[in-house]
Amino acid sequence: MITAIEVKSLQKRFPGQSPALDQISVNIAHGSITGLVGPDGAGKTTLLRLMAGLLEPTKGYIKVLGMDPFLQCDDLRADIGYMPQKFGLYEDLSVIENLNLYADLRNVLDSERQRLFRRLLTFTDLTKFTKRYAGKLSGGMKQKLGLACTLLGTPKILLLDEPGVGVDPISRRELWRMVRELAGGGMTVLWSTSYLDEAELCDSVCLMNQGRIVADDTPQSLKSTMRGRCLHITNIQGNRRNLLKQALRAPEVIDGVIQGANVRLVTAAVGAYPDLGPVGAGPTARLVEVEPRLEDAFISLLGGSSSAESALAAVIPEVELPPDMNQDAVIEAKQLTKRFGKFTATDSVNFRVKKGEIFGLLGPNGAGKSTTFKMECGLLKPTNGQALVMGIDLKESPSKARQRLGYMAQKFSLYRQLTVEKNLAFFSGIYGLTGERQKHKIQQMLDVFSLHPYLEMPSADLPLGIKQRLALACAVMHGPELLFLDEPTSGVDPVARREFWTHINGLANKGVTVMVTTHFMDEAEYCDRIALVYRGKLIALGTPDDLKRKVITKENPNPTMEDAFIKLVREADDE
Amino acid sequence: MNSGGSGFSLRRLRALNKKEFLQIVRDPSSILIAFILPVVMLFFIGYAINLDTSRVRVGLLALDGGEKAKSFISALQASPVIDLYPILSQESLLREMAQKKLRGAVVLQNDFSAKVIIGQGGAAIQVIADGGEPNTANFVQAYIMGIWQNWSLAHSQENAIKTTRPIDIHTRAWFNPSAISRNFLIPGSIAIVLTVIGAMLTSMVVAREWERGTMEALLSTPIKKLELLLSKIIPYYTLGMAAMFLCLIVATTIMDVPFRGSILILCVISTLFLGCVLGMGLLISTVTRNQFNAASATLLIGFLPAMILGGIVFEIASMPLILRFISRLFPTRYYANSLQTIFQTGFVPELIWTNAFFLIILMFFWFGITAKKTKRNLE
Amino acid sequence: MLYRLLQLVKKELQVLFGDKSSRMMLIMPVIMQVALFPFAATMEVKESAIAIYNEDNGAASIELSQRIAKAAAFKTVMNIYSQNDLIDVIDKQKVLIAVHFPQRFSAGLSSQSHPASAQAQVIIDGRRSNAGQIANSYISQIINEYILEKSPQRPATAIIVRNAYNPNLNFKWHILPCLVAIITTVGSLMVTALSVAREREEGTFDQLLVTPLTPGYIMAGKTVPGIIVAVGQAIIITLAAVLIYRVPFNGSFLALLMGMVVYGLSLSGVGLFVSSICSTQQQAFLGAFSFMVPAMMLSGFVAPIENMPRFLQILSYGNPLCYFIQLVKGVFLKQFAFMDVFPFLWPMLLIALFTLSAGLWVFKHHIE
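For every chain, the first residue of the written sequence is number 1, and numbering continues from 1 onward in sequence order. By the order in which they are written, chains take letters starting at A while ligands take numbers starting at 1. Side-chain atom pairs in this predicted model are given and counted only at pLDDT of 80 or more, local residue features only at pLDDT of at least 70, and totals for whole chains, interfaces and linings cover all residues. Values reported for side chains reflect all heavy atoms of the structure, with hydrogen atoms and water molecules removed beforehand.

Focus on the overall build of chain A
What counts here: Numbering goes from the N terminus for both helices and strands, where a helix is a DSSP run of H or I of at least four residues and a strand is a run of E of at least two. We compute the radius of gyration over the C-alpha atoms and compare it with the globule rule, which gives 2.2 Å times the number of residues raised to the power 0.38. Think of it in three bands: with a 1.4 Å probe and only protein chains considered, a residue is buried below 20% of the maximum accessible area for its type, exposed above 50%, and partly exposed in between. Contact criterion: two residues are considered in contact whenever any of their non-hydrogen atoms come within 4.5 Å of each other. Each accessible area is a Shrake-Rupley estimate made with a 1.4 Å probe; only the visible protein chains count as cover when residues are assessed. Think of it this way: Lys and Arg go in the positive column, Asp and Glu in the negative one, and His and the chain ends go nowhere. For the purpose of locating charges, the reference atoms are NZ of Lys, CZ of Arg, CG of Asp and CD of Glu.
In terms of helices and strands, chain A carries 21 helices and 23 strands. For chain A, the C-alpha radius of gyration of 25 Å lies close to 25 Å, the compact-globule estimate for 575 residues. Seen through its C-alpha atoms, chain A measures out along the principal axes to roughly 75 × 55 × 55 Å. Scored against the burial criterion, the 575 residues of chain A give a buried share of 60%. In chain A, 71% of the contacts between residues at least 6 apart in sequence involve partners at least 24 apart. As displayed, chain A offers around 21,900 Å² of accessible surface, 49% of which is attributable to carbon and sulfur atoms. Both charge centroids of chain A, one from 70 positive and one from 67 negative side chains, sit 3 Å from each other.

Observations regarding the overall build of chain C
When helices and strands are counted, chain C shows 14 helices and five strands. Here the C-alpha radius of gyration of chain C, 28 Å, is well above what a compact globule of 368 residues would show, namely 21 Å. In terms of overall dimensions, chain C has C-alpha extents of about 95 × 45 × 40 Å along its principal axes. Looking at chain C residue by residue over its 368 residues, the buried ones come to 58%. When the accessible surface of chain C is totalled, it reaches about 14,400 Å², and 63% of it is carbon and sulfur.

With respect to a nonpolar patch on the surface
For clarity, the cut-off: Think of a patch as exposed residues, more than 30% relative accessible area, with no salt bridge, where like charges cluster within 9 Å and nonpolar side chains (Val, Leu, Ile, Met, Phe, Trp, Tyr) cluster within 5 Å. Any Lys or Arg side-chain nitrogen found within 4 Å of a carboxyl oxygen on Asp or Glu counts as a salt bridge.
A surface patch of nonpolar side chains, about 500 Å² in accessible area, is lined by C:Met24, C:Ile27, C:Met28, C:Ile31, C:Met32 and C:Ile236. At five residues, the largest contribution of residues to the nonpolar patch is made by helix H2 (residues 20-40) of chain C.

Quick notes on the pairing of strand S5 (residues 80-83) of chain A
Residue and element names in this part refer to chain A. Basically, it comes down to this: Here, any two strands with at least 2 DSSP bridges between them count as paired.
On S5, burial covers both faces: Ile80 and Tyr82 on one face and Gly81 and Met83 on the other are all buried. With four bridges connecting them, S5 and strand S6 (residues 157-161) associate as parallel partners. By the bridge assignment for S6, Tyr82 is matched with Leu159.

Some thoughts on the sheet that holds strand S4 (residues 59-64) of chain A
Residues and elements named next belong to chain A. Operational definition: Between N-to-C directions, angles span 0 to 180 degrees; the directions come from axes that are lines fitted to C-alpha atoms, helices contributing only their stretch in contact.
Pairing is antiparallel in the open sheet, where three strands are placed in the order S2-S1-S4. Edge positions in the open sheet fall to strand S2 (21-29) and S4, since each of these has one partner strand only. Put simply, the sheet's adjacent strands are angled 10° from each other on average, direction ignored. Packing of helix H1 (residues 44-51) onto the sheet brings it into contact with strand S1 (3-12), S2 and S4, and relative to S1 it is tilted by some 120°.

Some words on a positive patch on the surface
A cluster of basic residues, B:Lys225, B:Arg289, B:Lys372, B:Lys373 and B:Lys375, forms a positive patch at the surface. Residue placement: B:Arg289 occurs in the loop between helix H10 (263-288) and helix H11 (291-309).

Points about the domain arrangement of chain C
Spelled out, the test is: Domain ranges listed in this record stem from an automatic or a database domain assignment.
The domain architecture assigned to chain C consists of domain 1 (2-41 + 170-367) and domain 2 (48-150). Computed over C-alpha atoms, the centres of domain 1 of chain C and domain 2 of chain C are 48 Å apart.

Regarding the nonpolar core
Note the cut-off: Grouping buried Ala, Val, Leu, Ile, Met, Phe, Trp, Tyr and Cys residues that are joined through side-chain atoms within 4.5 Å yields what is termed a nonpolar core.
The biggest cluster of nonpolar side chains holds 250 residues, and the ones touching the most others in it are A:Met51, B:Met41, B:Phe303 and C:Phe289. Looking at this core element by element, the count peaks at 17 residues for helix H7 (residues 181-212) of chain B. With 121 residues, the next largest nonpolar core counts A:Ala387, A:Phe449, A:Leu470 and C:Ile218 among its residues.

Observations regarding the sheet that holds strand S3 (residues 97-101) of chain C
Reading across the sheet, the five strands line up as S5(B)-S4(C)-S3(C)-S1(C)-S2(C) and stay open at both edges, with mixed pairing between neighbours. Each edge of the open sheet carries a strand with a single partner, namely strand S5 (168-174) of chain B together with strand S2 (74-80) of chain C. On average, each strand axis in the sheet is inclined to that of its neighbour by 20°, with strand direction left out of account. With six bridges joining them, strand S1 (residues 48-54) of chain C and S2(C) adopt parallel strand pairing. Paired with C:Ala51 across the strands is C:Met78, a residue of S2(C). Docked against the sheet, helix H3 (residues 59-70) of chain C engages S1, S2 and S3 of chain C, running at close to 175° with respect to S1(C). Taken strand by strand, helix H4 (residues 83-91) of chain C contacts S5 of chain B together with S1, S2, S3 and strand S4 (119-125) of chain C, and its axis lies near 150° from that of S2(C).

Brief notes about the domain arrangement of chain A
Residue and element names in this part refer to chain A. Condition: As a working definition, buried area equals the accessible area (1.4 Å probe) given up by two parts on being put together, with both sides summed. Pairs of N or O atoms within 3.5 Å make up the polar contacts considered here, provided that, within protein, one atom can donate a hydrogen while the other can accept it, and that residues adjacent in sequence are counted only when both atoms are side-chain atoms. Amino acids outside the nonpolar list (Ala, Val, Leu, Ile, Met, Phe, Trp, Tyr, Cys, Pro) and the charged list (Asp, Glu, Lys, Arg) are all regarded as polar, and Gly is one of them.
Entries for chain A in the domain assignment read domain 1 (3-223), domain 2 (225-305) and domain 3 (415-480). Once you take the C-alpha centre of each, domain 1 and domain 2 turn out to be 36 Å apart. Contact with domain 1, which involves 15 residues of that partner, is made by eleven residues of domain 2. Here domain 1 meets domain 2 over a buried area of about 1,000 Å², counting both sides, of which 74% is carbon and sulfur. When residues of domain 1 are sorted by the area they lose upon contact with domain 2, Leu196, Leu222 and Lys223 head the list and together hold 52% of the total. Between domain 1 and domain 2 we count zero salt bridges in total. For the pair domain 1 and domain 2, the interface holds six residue pairs in polar contact (both at pLDDT 80 or more). Going through the elements one at a time, helix H7 (196-199), strand S8 (204-209), strand S9 (212-217) and helix H8 (219-224) are the ones with two or more residues in the side of domain 1 that touches domain 2. Class assignment of the residues belonging to the side of domain 1 that touches domain 2 gives a composition of ten nonpolar, three polar and two charged.

Some details on unusual backbone geometry
Here the phi dihedral of A:Glu487 falls at roughly 40°; this positive angle occurs in a residue that is not glycine. Structurally, the position occupied by A:Glu487 is in the loop between strand S20 (482-486) and helix H18 (494-509). Since its relative accessible area comes to 14%, A:Glu487 is described here as buried. Positive phi, normally seen in glycine, also occurs at B:Asp256, with a value near 60°. Mapped onto the secondary structure, B:Asp256 falls in the loop between helix H9 (225-254) and H10.

Remarks on the side chain of A:Gln438
Relative to the elements of secondary structure, A:Gln438 occurs in helix H16 (residues 435-448). Polar side-chain contacts of A:Gln438 include one of 3.1 Å to the backbone oxygen of A:Ala425. Those residues in contact with A:Gln438, other than ones at most four positions away along the chain, are A:Ala425, A:Ser428, A:Gly429, A:Leu433, C:Tyr3 and C:Gln7.

Observations regarding the packing of helix H7 (residues 171-202) of chain C against helix H11 (residues 281-297) of chain C
Residues and elements named next belong to chain C. The test is simple: Reported orientations rely on four angle classes, namely roughly parallel under 35 degrees, roughly antiparallel over 145, roughly perpendicular from 65 to 115, and oblique for the rest. We call a crossing left-handed when the near helix sits turned anticlockwise from the far one by less than a right angle, and right-handed when that turn is clockwise.
Running from N to C, H7 and H11 point in directions that differ by 160°, and their axes come no closer than 9 Å. Taken together, the axes of H7 and H11 lie roughly antiparallel to each other. Along this stretch, H7 crosses H11, giving a crossing that reads as right-handed. The segment H7 lies against H11, with Ile182, Thr185, Val186, Leu189, Met190, Ala193, Leu194, Ala197, Arg198 and Glu201 engaging Gln281, Ala284, Phe285, Ala288, Phe291, Met292 and Met296.

Some thoughts on the pattern of salt bridges
For the structure on display, the rule yields 60 salt bridges over all chains. Notably, a salt bridge pairs A:Arg497 with A:Asp522, separated by 2.7 Å at the nearest N-O pair. With A:Arg497 in helix H18 and A:Asp522 in helix H19 (residues 521-524), the pair connects residues that are 25 residues apart, well separated along the chain. Among the salt bridges present, the one from C:Asp88 reaches C:Lys92, with a minimum N-O distance of 3.0 Å.

Focus: the interface of chain A and chain B
Between chain A and chain B, the residue contacts involve 31 residues of the former and 28 residues of the latter. Summing the contributions of chain A and of chain B, the shared interface buries around 2,900 Å²; its carbon and sulfur component is 55%. It is A:Arg77, A:Tyr90 and A:Leu105 that lose the most area in chain A upon contact with chain B, and together they represent 23% of the buried surface on that side. If you look at where chain A meets chain B, you find four salt bridges. Residue B:Arg26 is joined to A:Glu97 by a salt bridge in which the shortest nitrogen-to-oxygen separation is 2.6 Å.

Details of the interface of chain C and chain B
Contacts between chain C and chain B engage 102 residues on the former and 99 residues on the latter. Surface buried jointly by chain C and chain B totals about 9,000 Å² across both partners, of which 64% is contributed by carbon and sulfur atoms. When the area that chain C buries against chain B is broken down by residue, the three leading residues are C:Arg127, C:Ile159 and C:Met297, summing to 8%. Taken together, chain C and chain B are joined by six salt bridges. Top contributing element to the side of chain C that touches chain B by residue count: helix H6 (residues 129-150) of chain C, with twelve residues. Its residues placed into classes, the side of chain C that touches chain B shows 58 nonpolar, 29 polar and 15 charged. Bridge analysis of strand S4 (residues 123-130) of chain B against strand S5 (residues 157-164) of chain C gives eight bridges, and the strand direction is parallel. Its bridge partner lying in S5(C), B:Val127 is registered against C:Val161.

So this is what it looks like as structure tokens:
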């Protein structure tokens, strides 16, 4: 094996903070694709920047192509292609202007430039859009253009920082194909991602957590340690959320998620199956061994998912909706339409959400799911049709109706300057909780979400997982009957995501109606029903299994949610 | 030099400049800062700061109806610089001044005419000026004093009483014969305007590159520090010069400010000045890396010192030593002074070259810090 | 709902004063400006240079030259001996002003037979004509005093000048009350104009909009910090003016306080109106800046409003700063009591009413 990047006992500490990276040692093989996996704040970006020579190591040793990337950056920069998180594109320049700029900067000239442009533009399917401003491209196209700009000058090392963040599965797959084919020419690729399914496709993966490398191996060997420990409970009768809760109590089980109609479990040891009797899966239920996933290995390395029980659900009363209300239409869209000028973002969308249901809105970037979501929670006014919540148009009686809903925004919109305690006090206050009741409720939330250690910390300084807990606490403390969640888990590590969904499941069991948008396909599996939105239209509506069933073919008898998503969108394209 | 081209590359610089120009043309806010804001600011500063008190509102309390009093009153009325308003009583004088927005008042006591005729002195004309506006109060005093002097001269000749001939003072304001304050304020305001837009433009664009993450991408390419710096300076220098010429045109055509100097000298001095200001702007953005803080800092160390310590409205010579020293750190005073000279006097080598010398020093000072703070990495 | 409004206000204040750096941003510029501005912003002429070109060398001109040299306004006195030197010192700005006594000046003055033969020339630098004119008035004063003293008989009339409110025309008495208004304008406007844009950028604005609070309440919650900043900064500067700079404070403090609150309200109105039409902090900043510069220029702080062209005077009726400066000065120097401030209060209230309702209107239509 020829080593392209060599890292030994590397430490990086920013002034006044605990080390962002500590004792990192890893060798990256020449010509391989390495996935750098880990939750937000694990140190992925810092490691990539160190390799690109943009940061100086505090301690330790790092060599890229045999050179020190920081001190010898003049000699090395031409050989390194680095794509930062926001792709590094100039939004007010056109596609071709961006390419020309980076070609000039990377010393790609004349005929070589023309040849490369032709190749990259064809490859990225951007030939038709060369005159379009980068800012007007969709997320997926931006990402491809960013990659194209980075690949100019044919670097020997390609460093990609979370190219898949906020991008829908279709674009992610295409990007992967591009990198695969291009890397065939002996390029060394480092690909950082928080999607474990993406990392599974790499030649090797580094699992990172809290500034350290937890594991460094091929995906196959990492997964092989999990072989025989991954199970599906199929043919379940009764409530699969309750079943998951019960199953996670079994001592043999270290992790569990809902997978459409099934429940997927990971056990602590090979062959140690849990007893199906006490978990209440019903007489027809059966345990089937399934293929392990990289995520299983990651969770197992982090010590398993923790919570079986939602402490939150335990303190929330059963939701009782007024008897005169239609219990099958807690949230309803009637011919819901939104136009921005000539552009129709949402086009005659209809759906109804039952009490206690978890309803997912899925769709590619810019397809209109956010617009639909925003109209339902009253942040946008529909052009046509109605967005009803509990039978009320939020425009008619806004204050009264809003009192009954909870909302958790993308990126956990908390007041960064305020401490945890003050955030809680504020959000309970504006929902009208006063005096003893407020104090009690804040105390309860601190207990439920174990926020006590962070009480006096400004929310900006919280780790992402804690921020997410706090955001959820703020959204639910006034006891809402329905809950709107906008990409509630982006960037959060799998363990925190499991914990989050435990709470959401618990709330749904208590009768809280939940509407959620997400880019994670495994999260879509938690939903009772999914609405797939594309080009403003509802192209599919049903349970996760319904959607998967629609795309079963001979070649793919067992499609994943992602397969279903991609296939359904492609079919809509063909029409 | 190896194949990567580790030396300075004109081609890369050209590419970066082209990018920057395209961004300027396409970004409404840089057009706003470079072309709309200067004209609006010039217009407001030029017309709103009129230091020549052209007409003042003065009250008159005439308790005496005699001939001499009437004669003095008609002298006041005849004056082109005074608008006279009657005041009703001594007791309500101050209140009436406030209500009628009078800047001063003239009081003639009831024995005024009688005392003048007796000629034993003691016929006092009381002038009360509103000290709340010291500058205007000075003008009120001077105006009334002048009227009184002329009046008493004419009056004494009339009565063939010999008094000492007052010395005849001829005042001439060179270069600006009618002493129009706009003529020196407008060149001064061009200096303020260019300080603000020069610093604001560069500070905001670099901060924007940091915020949008494009800086990180640029830094990871084989770009050189000098290329990076020059790529920010050349486009915004061009834009600043364009704004300067726009101001020049507006000042000379619309606002009728005379221009007696040479365009070439103007360009040389403006170049040096823009060098300083762009350096300051780059430094601000390099340090703050965030648009909001960059803008606030521009306001605090760009606009305010230019306005206060630029020697445009307030005399630097009258300030305490420490402030006079601080004012030397900011290029505005040298530029404002040069502009005033170029506009009104023409080319005064000694003055212009002294200013140029200080501007060059400041340019090295600000650029030196900027170059030190600019790195080719994220540290 | 009142309780919820209170919670909102409390949050705004916590955000504003919560961390050290934003507290510093509110206080440091105030301290800096209060320390520097009064010394820098002066229109008095002190320690400047004068050239004397004496072709006469008679008793009168020498005596006058000596008196001029003693004046506090002139630190440097250059004696020059030719017309060319005169041109040179003015051109090169070695002096601000020059006095020329021609030949036979003293003779002309003492002779009784040649009327008006004593002529003196004063030349000022037109590039700095304001300072020049002020210096010129000092010289006239010196000469007039001289004439009066030398006068063989007392003139029939005399002029007695009294400066109301500010007997010695101390420039600091003018500048500090103005600073109370100017500095608070910057602080309060920035706080309100940027707060909504910041919440938009951080995503918390949507979070607020889905709560039971209506846009009206959210606006109301946002005006309070603007008022508090305005009042707080204004009080700091008032205290500095009275305690450090010894500016007399004759009026009613309560009246001033009320003025501060109303002024803060009108600034918040403007700030919120700006923020309602901006979606980013950069736009809000430019918007606030575009309001601030003309508002300061038109406030009458640098130059009196009545000197401005007619249409700018009309424009200044909509400028809350105009009213507040007059109010503050009135309270400081002119013994304004409660009733006296009223004529300045209601225009500010009107501006606040107008901008706040315009802001609210834009808000509602922006969102829905």
